[in-house]
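Letter by letter, the chains look like this.
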Amino acid sequence: MQIQFLGAADEVTGSSHLVTVNGKRILLDCGMFQGHRKESIMKNFAFLFDPTEITAVILSHAHIDHSGRLPLLAKNRYRGPVYATKATADLCQYMLRDSAYIQEKDAEYLNRKFPSKETLEPLYITEHAEQILEQFSPQNYAEWFEVTDGVRAKFLDAGHILGSAITILEITENGATHLLGFTGDLGRDDLPILRDPQIPEKLDYLITESTYGDRLHAPFPDAEKELERVINETIARGGKIIIPAFAMERTQEIVYALHLLHQARRIPPLPIYVDSPLATNVTEVFGRHMEDFDDHAWDNFLEQNTDPFSFGNLKYTHSVDESKELNQKHGPIIIISASGMCENGRIVHHLRNNVEDHRNTILIVGYMAEGTLGRKLVEKAPAVKIFGQELKLNAKIEIIDAFSAHADKRGLLKWIGQIKGLQQVFVCHGEQQSALSFANTLKNELGLQHVIVPAWREKIDLL
Ligand SMILES: [Zn+2]
């Protein structure tokens, strides 16, 4: 039994691990590398295995850094199953089509901008996304399913985003049976909408994420209080609140939190717009998977037949015209729009129209990578360039980071500490410093002996 770490090793993107057992190859996640452009493009294009030799793919959740290269598998003639939870399969319908569209547009843009260079081929196109979507095999949580001879799997709720799963593989090789767990991305206790991460009773081996393995988050209830303060202060100034948010999960969490504040009359009934077609589609998927919601959502909304994602003056815009009309609105309103890091999409227009007015607030609720417009906002640069235009950043920048969907150091440690039987732990999906620091924490605090931070492409035989 062997694992090769093909992504999210020494970094947080490109999640992908190849498990070889009984001569069969099982791929855990097939994520996109994101970040520094040239290096990511090279890593994304090259699979380090022959996709036609893979027996099965198991997908932890719908985030693109875990699912984004699935269409590339189809492009390279992989025709086997992709096992995922039902909600993940539904979310991927939108996420992978959207990703294919972005790949096509990116290649088109670069070819137009640099006509003298060699024509750049998109990583994949819509046809490949459609192909891989047909290969999805949706599964229930907590039910074993056969993967291949001697291997069965089941999903536990990871509490990270809707549909997110911890994968448990039960592997029988040479007469011995072992349990291998893969966290995917591990969520946090008390996140809105989602159940808390489930804990496997016993595992022999674990591949864990470590995104925040060296940091602690503010507790979630603080996020709601902060949201209330930011909104009421902006209303008092007569300004607008612009919230760049990822279309999947963060937008729904913000809408959910706003609904609670509205219900409790902690904010006045002001107009709220979700201005992102992808976010609107994803919100519909949430509505189809209420069975995955936590008790809080059931007690506060679903038991009363109330839709958590619909209230008061909340509107989901569809057409470009509807989106443009928002520019004409005066007085306090909230606009939630994608993309999350402000690099493209409708949010860029809203920022252009609103950053210069000191009454407005730009509310940052997610991670902003280096080099993005979002990061410049976080750093409160005196001016920002949007669509080639230099604009003064007069709007107030507010940052609420308690919305993070990842367990922090304490959360990861508490979760792993409750699993019995661990012989070997692989620490992945973290920047190097975070992964190394968390590996030491596991050794020191839990007394685990075999804790490894694998390098990209490293192959390790299991004990
Ligand atoms: Zn994720």
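The text that follows walks through the structure, step by step, so that each part is easy to find. (Residues numbered from 1 in each chain as written. Predicted model: local features only at pLDDT ≥ 70, side-chain atom pairs only at ≥ 80, totals over all residues. Heavy atoms only, no water.)

### A closer look at the coordination of the zinc ion
Here is step 1 of the chain: In this structure, His-61 (NE2), His-63 (ND1), His-160 (NE2) and Asp-185 (OD) serve as the protein donors to the zinc ion, at separations of 2.2 to 2.3 Å.
Here is step 2 of the chain: Coordination at the zinc ion comes from 4 donor atoms whose angles at the metal span 94 to 162°, giving a geometry best classed as irregular.
Here is step 3 of the chain: Taken in chain order, the donor set of the zinc ion reads H-x1-H-x96-H-x24-D. (Donors = N, O, S within 2.8 Å, 3.2 Å for Na, K, Ca; no water. Tetrahedral: all angles 85-135°; square planar, octahedral: opposite > 155°, others 65-115°.)

### With respect to the state of the cysteines
Here is step 1 of the chain: The final tally for this structure, using the stated rule, is 0 disulfides.
Here is step 2 of the chain: A disulfide-free cysteine, Cys-30 has its sulfur positioned 11 Å from the sulfur of Cys-92, the nearest such atom.
Here is step 3 of the chain: Free of any disulfide, Cys-428 has its nearest neighbouring cysteine sulfur in Cys-30, separated by 15 Å.
Here is step 4 of the chain: The exposure class of Cys-428 is buried, given its relative accessible area of 2%. (Disulfide = S-S within 2.5 Å. Buried < 20%, exposed > 50% of the residue type's maximum accessible area, 1.4 Å probe, protein only.)

### Some points on the pattern of salt bridges
Here is step 1 of the chain: All told, the structure shown has 24 salt bridges when counted by the stated rule.
Here is step 2 of the chain: Overlapping salt bridges, with partners in common, bring together Glu-226, Arg-229, Glu-233, Lys-396 and Glu-398 in one network. (Salt bridge = Lys/Arg side-chain N within 4 Å of Asp/Glu carboxyl O.)

### Here we look at the nonpolar core
Here is step 1 of the chain: Residues Leu-70, Phe-136, Leu-258 and Ile-336 are the most contacted members of the largest nonpolar core, which totals 79 residues.
Here is step 2 of the chain: When residues of this core are assigned to domains, at least three fall in each of domain 1 (2-215 + 405-461) and domain 2 (221-399).
Here is step 3 of the chain: In this structure Leu-70 touches Cys-30, Val-57, Leu-59, Val-82, Leu-96, Ile-132 and Phe-136, once residues within four positions along its chain are discounted.
Here is step 4 of the chain: In this structure, Ala-9, Ile-58, Phe-145 and Val-151 belong to the second largest nonpolar core, which totals 28 residues. (Core = buried A, V, L, I, M, F, W, Y, C linked by side-chain atoms within 4.5 Å. Domains from an automatic or database assignment. Contact = heavy atoms within 4.5 Å.)

### Considerations on the sheet that holds strand E6 (residues 136-139)
Here is step 1 of the chain: Read from one edge of the open sheet, 7 strands run E6-E5-E4-E3-E2-E1-E22, paired in mixed fashion. A strand with exactly one partner marks an edge of an open sheet, and here the two such strands are E6 and strand E22 (459-461). Going across the sheet, the axis of each strand differs from the next one's by a mean of 25°, ignoring polarity.
Here is step 2 of the chain: Bridge count between strand E3 (residues 24-28) and strand E4 (residues 56-58): 3 bridges; the pairing is parallel. Its bridge partner being in E4, Leu-28 is matched across the sheet by Ile-58.
Here is step 3 of the chain: Strand contacts of helix H4 (residues 86-113): strand E5 (82-85) and E6, with the helix running at about 110° to E5, the strand carrying the most contacts. (Pairing = 2+ DSSP bridges. Helix = DSSP H or I, 4+ residues; strand = E, 2+ residues; numbered from the N terminus. Axes fitted to C-alpha atoms, helices over the stretch in contact; angles between N-to-C directions.)

### Comments concerning the side chain of Ser-164
Here is step 1 of the chain: Its place among the elements puts Ser-164 in the loop between strand E8 (151-157) and strand E9 (165-173).
Here is step 2 of the chain: A relative accessible area of 0% places Ser-164 in the buried class.
Here is step 3 of the chain: Each residue touching Ser-164, except ones within four places of it in the same chain, is listed here: Ser-60, His-61, Thr-88, Tyr-141, Leu-156, Asp-157, Ala-158 and Gly-159.

### Description of the pairing of strand E20 (residues 424-427)
Along any regular strand, the residues point their side chains to alternate faces of the sheet.
Here is step 1 of the chain: Every second residue of E20 is oriented toward a common face, with Gln-424 and Phe-426 on one face and Val-425 and Val-427 on the other, all of them buried.
Here is step 2 of the chain: Bridging between strand E11 (residues 205-208) and E20 involves 4 bridges; their strand directions are parallel. Note on E20: the bridge partner recorded for Tyr-205 is Gln-424.
Here is step 3 of the chain: Pairing geometry for E20 and strand E21 (residues 450-452), over 3 bridges, is parallel. Each residue of the ladder has a partner; that of Phe-426, found in E21, is Ile-452.
Here is step 4 of the chain: For the crossover from E20 across helix H14 (residues 432-446) to E21, the handedness is right-handed. (Right-handed = clockwise from strand over helix to strand, strands pointing away.)

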